[in-house]
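Residue-level listing of the chains:
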Amino acid sequence: MVNSVLTPGVTSSRLSKDELAGNFSDLHPPLDGHEALVAADRCYFCYDAPCVTACPTSIDIPLFIRQISTGMPESAAKTIFDQNILGGMCARVCPTETLCEQVCVRETAEGKPVEIGLLQRFATDRLMSEPHPYKRAAETGKQVAVVGAGPAGLACAHRLAMNGHGVTLYDARNKAGGLNEFGIAAYKTVDGFAQDEVDWLLSIGGISQVFGKRLGENLDLDQLRKDFDAVFLAIGLGGVNALGTEGEEKDNVDDAVNFISELRQSEDLSKLSVGRNVVVVGGGMTAVDAAVQSKLLGAQHVTLAYRRGQEQMNASGFEQDLATSSGVTILTNVQPLKVIGNGAAQEVELGYTKDDGNGLELTGETFRLPADQVFKAIGQRLDLDDSGLELAGGKISVDESGKTSLNGVWAGGDCASGGDDLTVTAVAEGRDAAEDIHDKLMNS
Amino acid sequence: MANLASNFVGIKSPNPFWLASAPPTDKAYNVERAFEAGWGGVVWKTLGEEGPPIVNVNGPRYGAIWGADRRLLGLNNIELITDRDLYVNLREIKEVKKKWPDRAVVVSIMVPCEEGAWKKILPLVEETGADGIELNFGCPHGMSERGMGAAVGQVPEYIEMVTRWCKATTRMPVIVKLTPNITDIRYPARAAHTGGADAVSLINTVSSIISVDLDDFAPQPTIDGKGSHGGYCGPAVKPIALNMVADIAKDPETPGLPISGIGGVTTWRDAAEFISLGAGNVQVCTAAMTYGFKIIDEMTSGLSTWMDQKGIENVADFIGRAVPNVTDWQYLNLNYVTKAKINQDSCIQCGRCYAACEDTSHQAIAMKDGRVFEVIDEECVACNLCVNVCPVDNCITMERLAPGTVDPRTGQKVDADYGNWTSHPNNPSAKAAAE
Ligand SMILES: Cc1cc2nc3c(=O)[nH]c(=O)nc-3n(C[C@H](O)[C@H](O)[C@H](O)COP(=O)(O)OP(=O)(O)OC[C@H]3O[C@@H](n4cnc5c(N)ncnc54)[C@H](O)[C@@H]3O)c2cc1C
Ligand SMILES: Cc1cc2nc3c(=O)[nH]c(=O)nc-3n(C[C@H](O)[C@H](O)[C@H](O)COP(=O)(O)O)c2cc1C
Ligand code: SF4
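Here's what I pulled together on the structure shown here. As the structure is a computational prediction, the values presented were derived from the model and not from experiment. Within any chain, residue numbers begin from 1 and follow the written order of that chain's sequence. Think of it this way: whatever chain is written first is A, whatever ligand is written first is 1, and the rest follow in order. The predicted nature of this model means local features are confined to residues of pLDDT at least 70 and side-chain atom pairs, given and counted, to a pLDDT of 80 or more, with totals for whole chains, interfaces and linings taken over all residues. Side-chain metrics rest on all non-hydrogen atoms present in the structure, leaving aside hydrogens and water.

1. Quick notes on the site of ligand 2
Residues and elements named next belong to chain B.
Inference 1: Taken together, 23 residues form the shell around ligand 2, and within it Ser 21, Lys 45, Thr 46, Gly 264 and Thr 286 come nearest.
Inference 2: For this analysis, a polar contact is any N or O atom pair within 3.5 Å, provided that within protein one partner can donate a hydrogen and the other can accept it, and provided that sequence-adjacent residues contribute only side-chain to side-chain pairs. At a separation of 3.5 Å, an oxygen atom of ligand 2 approaches a polar side-chain atom of Asn 204.
Inference 3: Within the complex, 99% of the 610 Å² of free accessible area of ligand 2 lies under protein.
Inference 4: Only protein atoms enter the 1 Å grid, on which a cavity is a set of points fitting a 1.4 Å probe that cannot get out and a pocket is an open set with protein on both sides within 12 Å along at least 5 of 7 lines, lining residues being those with an atom within 4 Å of a point. Pocket or cavity membership: a molecule qualifies when more than half of its atoms sit within 2 Å of the grid points of that site. Structurally, ligand 2 is housed in the largest cavity.
Inference 5: Each helix corresponds to a stretch of at least 4 residues labelled H or I by DSSP, and each strand to a stretch of at least 2 residues labelled E; elements are numbered beginning at the N terminus. When residues of the shell around ligand 2 are traced back to their parent elements, those giving at least two are β4 (41-47) and α9 (286-291). Here a residue is considered near a molecule or strand provided that any single heavy atom belonging to it is located within 4 Å of it. Accessibility throughout is a Shrake-Rupley quantity obtained with a 1.4 Å probe, and a residue counts as covered only by protein chains that appear here.

2. Regarding helix α15 (residues 285-297) of chain A
Residue and element names in this part refer to chain A.
Inference 1: A helix is expected to span 1.5 Å multiplied by its residue count minus one. Its 13 residues give α15 an end-to-end C-alpha distance of 18 Å, which sits within 8% of 18 Å, the value for a rise of 1.5 Å per residue.
Inference 2: Burial classes: relative accessible area under 20% of the type maximum marks a residue as buried, over 50% as exposed, and values in between as partly exposed (1.4 Å probe, protein chains only). Counting buried residues along α15, 11 of its 13 residues qualify, which places the element largely inside the surrounding structure.
Inference 3: Within α15, burial applies to Ala 287, Val 288, Asp 289, Ala 290, Ala 291, Val 292, Gln 293, Ser 294, Lys 295, Leu 296 and Leu 297.

3. Describing empty space enclosed by the protein
Residues and elements named next belong to chain B.
Inference 1: Grid points are joined across faces, edges and corners, and a volume is the space filled by probe spheres set on the points. Per the counting criterion, the structure on display carries 6 cavities of 30 Å³ or more.
Inference 2: Estimated volume of the largest cavity: approximately 410 Å³.
Inference 3: Along its surface, the largest cavity is lined by 33 residues, and Ser 21, Ala 22, Asn 204, Thr 205 and Cys 285 are the ones closest to its centre.
Inference 4: For the lining of the largest cavity, the elements supplying multiple residues, two or more each, are β4, β6 (72-77), β14 (230-233), β16 (281-284) and α9.

4. So, the packing of aromatic side chains
When we look at a pair of aromatic rings, we describe it by the centre distance and by the angle of the planes.
Inference 1: We call Phe, Tyr and Trp rings a pair once their centres come within 6.5 Å, taking the six-membered ring for Trp, and we label the pair stacked below 30 degrees between planes, edge-to-face above 60, and tilted otherwise. A full pass over the atoms with the stated rule returns 12 aromatic pairs over all chains.
Inference 2: Ring pairing ties together the aromatic residues Tyr 47 of chain A together with Tyr 354 and Phe 373 of chain B, which thus form one cluster.
Inference 3: The ring of Phe 182 of chain A has Arg 173 of chain A sitting right over it, with the charged end atom 3.8 Å from the ring centre.
Inference 4: Whether a charge lies above a ring is judged from NZ of Lys or CZ of Arg, which has to be within 6 Å of the ring centre and within 35 degrees of the ring normal. For Arg 190 of chain B, the ring lying beneath its charged end belongs to Tyr 187 of chain B, and the centroid distance is 5.0 Å.

Here you go:
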């Protein structure tokens, strides 16, 4: 350890390897067998359970919990995977506090929901250490192109392969997984789980992967439509919104998603650089993740600057608490005005904002924060030009089953309209599109 | 402050909680620590004949069923009577009684069904200064196959005979411990009464197979691939024991026969229930085996606080207080009409009442928009199932329909007068009501 949290500027090795390993260990350690039984026993097996409705993939939660409590975690996992083949990742990354656990009747009753996420992980971990549980239906002879190997693309490819279709899975990167591999906070998915999950999922067979193919660059939608019986687009949101402030081009003013992606791919966190004073601009999950992980890497002061009030932050209460308990300072109603520095960032000037019902306005009062590093996390956008696809709200316009405006082309996940930008939503959309494609291919 | 002191057939103890004859009472070391912890008395682990002690299995002896968080609900055992030398036990009993004169020390005995065997052991026990004896006619396994324990307890004539021998031989009070493994508990109790017993104690363990190992396909606890039936006890058997205690308490043929209540006593409340159904004191085994001697603190303080709240000064004051209210089904008031009522403020919308009622033939709960659950009075038969399955205490209550109002289910006015099955028009053998 050459440096410390006090070392000025942007540098690596602020913490020892042991400290880093501790900081980036499992955020929610798995339940052991006894803990799982105790947690499972709290489920009331509700009639028409609200948690099932709240889950975007509609997992039969009371059933799988009952299967855990009767000593059948493998059957529980089957119940989960039947609805959500990425149930393992979702168990780790779903903001359950705003999904299933939020509507748990025990949350209503005692403010302490059944630990659905942890129980889901308990079950899925059991089955994922065994051979892949699904078999493919007889080959249909149909071929489907899936573009983008994130959760939406993977869920779609798996369901298609299971239904007997041949799938070619394209991705611009050199690895599958999408944001599971490059985006999700490191402490939510430890020990290479994302890649293990991809391998386990693909072992159903019938899916060939082609990397380094970017739609709009070296992959053409019209050609795909000609070569395949159907196309599913799941390219996520590749573009990053700019701040549009003076000094944005200075060194060490970076996209939060790039920082996180580098962190996720790093073999040795002590080689990763981070500023002593970090300012993250944004109020969503990405902003929180960038802020928390900066802190965990050894930044001394990390400030999350959000331009609206706390109620409007996209990050859930749980995420905000995680940030503050990690030592991140959250400032609300502040907006960056310029980045100051000679070549590299040194300070950020921020202005206070208010909203009296006429939209967001600056109050005129300003202040400066020291900032060796500034992360932009104010949203991602679709990165796809002239595809001929109709858009809605900046995303590919789709109907309920994922059909786009182009015949034979479906889309789902973050790149498609409708639904929250969450892993679990992407899985649901990929799965449903696959069923619709299957229906189309077999019945026309 | 309530007075917990107990006098059971002349045997005095500072409280009505005795440890039942079982492993916790097998030796002086245990019994003394139990007394230090505050137990009112013990029934010493059952003694057998002079001679080489019996042997127990050397594999597992106990099996269990559990509730949430592995809370032990039922225990099953295949253990036999004491496996220590008779004279070691007798010497220790004598020492303990001398050291703890204010505590009850009763000695459980099981010897073959021959007069000579009983005549031989009783003076030895008497010599220890013990306060009384308990005849173990209850053990359902191991000993019964040798013609002892439940083998005797299942034949009322034997009970009467052995009880008579004992009464004729010893000055000590004789408590006859009954097995629940019979069809009607009143018969063995009557036999004990006729034989001159000072009291009965019940229940001993219920014959049981607690579980089956599905890999070995053998009952558990499994010993080298085999298992045998054992005796079931603990919280799960309490309802069975309560019913049997009440049966005896009500029986006109055994009026005033003192009863020592046993079976699943785990808290002060269980004890209070046994005593109100006619038990003069209670004995505890599984709870002490599960949690240790210290639970006596909760039992005595709970019972004493409850008695204070009720204004009951002495334990004897509420013995049997619930007995007159134990009646037969045919005498229950059919004009007592209630309806379930769901308190919407405490309802957490789990829908369990709905699933239960809907799938249990009554269809008397409506599920409305927004997961609002409401009772349909036209359909509710007042079965109480929704109350039983509701996870929230007191959320669903059974409310009585005032006499004179119309029961929307039957369309009939609720009769203010008591009316039971014996005079009901639908009863073919109804006794015509007096004109
Ligand atoms: C930092 C961060 C943290 C997050 N944390 C959480 C969380 O904790 N919980 C949660 O539920 N959600 C979280 N999310 C959201 C979640 O990751 C996404 O909603 C989800 O990954 C969307 O899946 P997708 O398959 O639609 O897209 P992606 O996961 O983005 O996958 C898209 C794939 O397409 C590839 N691709 C992109 N463009 C092209 C192209 N033109 N041609 C070919 N391939 C292309 C990409 O390489 C990628 O593999 C987070 C997002 C971010 C950015
Ligand atoms: C391991 C074990 C051994 C027992 N041994 C005897 C015994 O030797 N003599 C006897 O009369 N009852 C014996 N019993 C029965 C208990 O005294 C008691 O009647 C029964 O367990 C019910 O009470 P409980 O529910 O409090 O355990 C034994 C019970 C257990 C669990
Ligand atoms: S008391 Fe029985 S019949 Fe009435 S609502 Fe409840 S469950 Fe249904």
